[in-house]
Amino acid sequence: MNIDFNKNKDGLVPAIIQDEITKNVLMLGYMNQEAFDITIATKKVTFFSRTKNRLWTKGEESGNVLHLVDYKLDCDNDTLLISVNPEGPTCHKGTDTCWAEANRASFGFLSSLENIIEERKNSANGESSYVASLFKKGINKIAQKVGEEAVEVVIEAKDNNDELFLNESADLLFHYLILLQAKGFKLNDIVDVLKSRQL
């Protein structure tokens, strides 16, 4: 890896810090050659502080260190993408990220779908919204729908019609997301359980 520390007059390159698991950007710092070398050697992310004019390891005072997982160099050899496992909040203001966002996993379209389900649960009319009507009928009806969709997935798995299998799988996932919210949970809660089971 040939990092171009000489591209800028100060000998620094930007280091974008990204959570290895959630893929959220946590912060932006700057590294010189020495900071990079220390990061690699200690596996704890170290920056060059432009305000303190010295090296500093993230968490040296707070204990909220950034454990190095991996790093990549961009196409111009002058910006680093550092993957980390954060220990505690990253921002000095006590938030997970320097943008005051929670460092929770996002599941792209599924997260958007969860938000729509929540919106329909809280505000939609049960007569015009299928989702709202399910919530209005209660937990037993929602759980029954998940059971029905699960059986249909099993039936279609034994056949050779991939389109039907995928459609029934989509129905099952959709109704499961509704059931999660009926119980007061979201996908992140399930991910937390799965992560806790890792050996």
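Provided above is the structure to which this section pertains.
Brief notes about the overall build of the protein chain
Turning to step 1, where the next piece is worked out: Assigned secondary structure in the protein chain consists of 6 helices and 6 strands.
Turning to step 2, where the next piece is worked out: Helices and strands in the protein chain line up, N terminus first, as β-β-α-β-β-β-β-α-α-α-α-α.
Turning to step 3, where the next piece is worked out: Seen through its C-alpha atoms, the protein chain measures out along the principal axes to roughly 65 × 40 × 35 Å.
Turning to step 4, where the next piece is worked out: Of all 199 residues assigned to the protein chain, the portion counted as buried reaches 33%.
Turning to step 5, where the next piece is worked out: Restricting to contacts in the protein chain with at least 6 residues of sequence separation, those with at least 24 account for 49%.
Turning to step 6, where the next piece is worked out: Per element, the accessible surface of the protein chain, about 12,300 Å² overall, is 51% carbon and sulfur.
Turning to step 7, where the next piece is worked out: For the protein chain, the separation between the mean place of its 23 positive charges and that of its 30 negative charges on side chains is 6 Å.

So, the side chain of D19
Turning to step 1, where the next piece is worked out: Tracing the backbone through its elements, the reader meets D19 in strand β1 (residues 13–19).
Turning to step 2, where the next piece is worked out: No salt bridge forms around the buried D19; measuring N to O, its nearest opposite-charge neighbour K195 is 6.9 Å away.
Turning to step 3, where the next piece is worked out: Here I21 takes part through its backbone nitrogen, which lies 2.7 Å from a polar atom of the side chain of D19.

With respect to the side chain of H175
Turning to step 1, where the next piece is worked out: Mapped onto the secondary structure, H175 falls in helix α5 (residues 162–182).
Turning to step 2, where the next piece is worked out: Assessed through its relative accessible area of 5%, H175 is described here as buried.
Turning to step 3, where the next piece is worked out: There is a polar contact of 2.8 Å between the side chain of H175 and the backbone oxygen of D171.
Turning to step 4, where the next piece is worked out: Not counting chain neighbours up to four residues away, the residues in contact with H175 comprise Y130, L134, I142, K145, V146 and E149.

Looking at unusual backbone geometry
Turning to step 1, where the next piece is worked out: Of note, the phi angle at K43 is positive, near 65 degrees, even though the residue is not glycine.
Turning to step 2, where the next piece is worked out: Positive phi is not limited to glycine here, since N53 has a value of about 55 degrees.
Turning to step 3, where the next piece is worked out: One can find N53 in the loop between β3 (46–49) and β4 (54–57).
Turning to step 4, where the next piece is worked out: Note on N53: relative accessible area 58%, which makes it exposed.

Some points on the packing of aromatic side chains
Turning to step 1, where the next piece is worked out: Across all of its chains, the model carries 2 aromatic pairs by this definition.
Turning to step 2, where the next piece is worked out: With a centroid separation of 5.3 Å and 90 degrees between ring planes, the pair formed by F36 and Y71 is classed as edge-to-face. You can see F36 sitting in helix α1 (residues 33–42) and its partner Y71 sitting in strand β5 (residues 66–73), a full 35 residues away along the chain.
Turning to step 3, where the next piece is worked out: Residue classification places Y71 among the partly exposed residues on the basis of a relative accessible area of 27%.
Turning to step 4, where the next piece is worked out: It is K52 that lies over the ring of W56; its NZ or CZ is 5.6 Å from the centre.

Some points on helix α4 (residues 139–157)
Turning to step 1, where the next piece is worked out: In a regular helix each residue adds 1.5 Å, so 19 residues correspond to 27 Å; α4 covers 27 Å between its end C-alpha atoms and thus fits that length.
Turning to step 2, where the next piece is worked out: Burial in α4 covers these residues: I142, K145, V146, E149, V153 and E156. With its buried residues spanning 100 degrees around the axis, α4 presents them on a single face.
Turning to step 3, where the next piece is worked out: Check the buried side of α4 and you find it contacts α3 (130–137) and α5.

Things to note about the sheet that holds β1
Turning to step 1, where the next piece is worked out: Spatially, 4 strands are ordered β2-β1-β6-β5 in an open sheet, and the strand pairing comes out mixed. In the strand order of this sheet, the two ends are held by β2 (25–31) and β5, each with one partner. Within the sheet, the average angular offset between the axes of one strand and its neighbour, ignoring direction, is 30 degrees.
Turning to step 2, where the next piece is worked out: Across 5 bridges, the pairing between β1 and strand β6 (residues 80–86) is parallel. The partner of Q18 across the bridge, within β6, is S83.

Regarding a nonpolar patch on the surface
Turning to step 1, where the next piece is worked out: Together, V25, L28 and W99 line one region of the surface with nonpolar side chains, adding up to about 290 Å² of accessible area.
Turning to step 2, where the next piece is worked out: Taking the relative accessible area as the measure of exposure, L28 reaches 43% and is therefore partly exposed.

Calculation rules
- Residues numbered from 1 in each chain as written.
- Predicted model: local features only at pLDDT ≥ 70, side-chain atom pairs only at ≥ 80, totals over all residues.
- Heavy atoms only, no water.
- Helix = DSSP H or I, 4+ residues; strand = E, 2+ residues; numbered from the N terminus.
- Buried < 20%, exposed > 50% of the residue type's maximum accessible area, 1.4 Å probe, protein only.
- Contact = heavy atoms within 4.5 Å.
- Areas by Shrake-Rupley, 256 points an atom, 1.4 Å probe, with all protein chains shown as cover.
- Lys, Arg positive; Asp, Glu negative; His and termini not counted.
- Charge placed at Lys NZ, Arg CZ, Asp CG, Glu CD.
- Salt bridge = Lys/Arg side-chain N within 4 Å of Asp/Glu carboxyl O.
- Polar contact = N/O pair within 3.5 Å; in protein donor to acceptor, adjacent residues only side chain to side chain.
- Phe/Tyr/Trp six-rings, centres within 6.5 Å; stacked < 30°, edge-to-face > 60°.
- Lys NZ or Arg CZ within 6 Å of the ring centre and 35° of its normal.
- Expected span 1.5 Å × (residues − 1).
- Arc of directions from axis to C-beta.
- Pairing = 2+ DSSP bridges.
- Axes fitted to C-alpha atoms, helices over the stretch in contact; angles between N-to-C directions.
- Patch = residues over 30% accessible without salt bridge, like charges linked within 9 Å, V, L, I, M, F, W, Y side chains within 5 Å.

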